[in-house]
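# Remarks on the overall topology
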Amino acid sequence: MGLHVEFETVAPYPLERREKLPKPEPADAPAKPTKPLTAKLSTDKEGGLIIIDDQTTLAGVPPEAWNYKLGNRSALEWILDQYKESKIKDPTIAQKTLEGEFKAYKFADYKETVIDLLCRVCTVSVETVRITGEMEGA
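So, here is what we can say about the structure in this document. (Residues numbered from 1 in each chain as written. Predicted model: local features only at pLDDT ≥ 70, side-chain atom pairs only at ≥ 80, totals over all residues. Heavy atoms only, no water.)

## Topic: the sheet that holds strand β4 (residues 56–59)
If you walk across this open sheet you meet the 4 strands as β1-β4-β3-β2, and the pairing is antiparallel. With one partner strand each, in any of the chains shown, β1 (16–19) and β2 (39–44) form the two edges of the open sheet. Strand after strand, the sheet turns through a mean of 15 degrees between neighbouring axes, direction not considered. Set on the sheet, helix α2 (residues 75–82) makes contact with β2 and β3 (49–53); between it and β2 the angle comes to about 165 degrees. (Pairing = 2+ DSSP bridges. Helix = DSSP H or I, 4+ residues; strand = E, 2+ residues; numbered from the N terminus. Axes fitted to C-alpha atoms, helices over the stretch in contact; angles between N-to-C directions. Contact = heavy atoms within 4.5 Å.)

Spelled out as structure tokens, the structure:
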């Protein structure tokens, strides 16, 4: 139970962070505005990957991490789903957001926090599956 209650303090699972570097532009090329990264927040379970955005992927997710479920999906998938950006459907709120009256949620503002959380939840998931497996075998 302590593992779940204190999930924010468990050691992060050592997932490998892979970064795609942008292609270098020729020195004489005109400066292009930097385009914001597109959040993917998806998985490749067979490859042991969590795709964060166009640039960042976490590798080395062990198969057992996907087996710890919260309802019908793994805890890792639940985290990814909670941090996805969604389009504002209410036209009044959308307009107020465009005008700067309301602050819109942007994944990029939370990227590092989400990566840290995913690493910790991976530890919790792997340990929970290990512990429940030992309990079933006892």
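## Comments concerning the side chain of Ser74
Residue placement: Ser74 occurs in strand β6 (residues 73–74). When sequence neighbours within four positions are dropped, the list of residues in contact with Ser74 reads Ala65, Trp66, Tyr68 and Lys69.

## A short note on the pairing of β2
Note: β2 against β3, 4 bridges, orientation antiparallel. Paired with Asp44 across the strands is Leu49, a residue of β3. Where β2 hands over to β3, the hairpin turn is made up of 4 residues, of which Gly48 adopts a positive phi near 70 degrees.

## Some remarks on the pattern of salt bridges
Applying the stated criterion across every chain yields a total of 10 salt bridges. With a closest N to O distance of 2.8 Å, Glu134 and Arg130 form a salt bridge. Of this pair, Glu134 and Arg130 are both found in helix α4 (residues 111–137), 4 residues apart, which corresponds to roughly one turn of the helix. Accessibility expressed as a relative area gives 49% for Glu134, which makes it partly exposed. (Salt bridge = Lys/Arg side-chain N within 4 Å of Asp/Glu carboxyl O. Buried < 20%, exposed > 50% of the residue type's maximum accessible area, 1.4 Å probe, protein only.)

## Regarding α2
Each full turn of the α-helix corresponds to 3.6 residues, which orients residues three or four apart in the same direction. Buried residues of α2: Ala75, Leu76, Glu77, Ile79 and Leu80, and no others. Contacts from the buried residues of α2 go to β2, β3, β5 (69–70), β6 and α4.

## Description of the nonpolar core
The biggest cluster of nonpolar side chains holds 22 residues, and the ones touching the most others in it are Ile50, Ile52, Leu58, Val61, Leu76, Leu118 and Cys122. Listed by contribution, the elements that provide at least two residues to this core are β3, α2 and α4. Considering each element in turn, this core owes the most residues, 8 residues, to α4. For Ile52, the contacting residues outside a window of four places in its chain are Ala39, Lys40, Leu41, Thr57, Leu58, Phe107, Lys111, Ile115 and Leu118. (Core = buried A, V, L, I, M, F, W, Y, C linked by side-chain atoms within 4.5 Å.)

## Overview of the state of the cysteines
All told, the structure shown has 0 disulfides when counted by the stated rule. Cys119 takes part in no disulfide bond, and the closest cysteine sulfur to it belongs to Cys122, at a distance of 7.3 Å. A relative accessible area of 0% means that Cys122 is categorised as buried. (Disulfide = S-S within 2.5 Å.)

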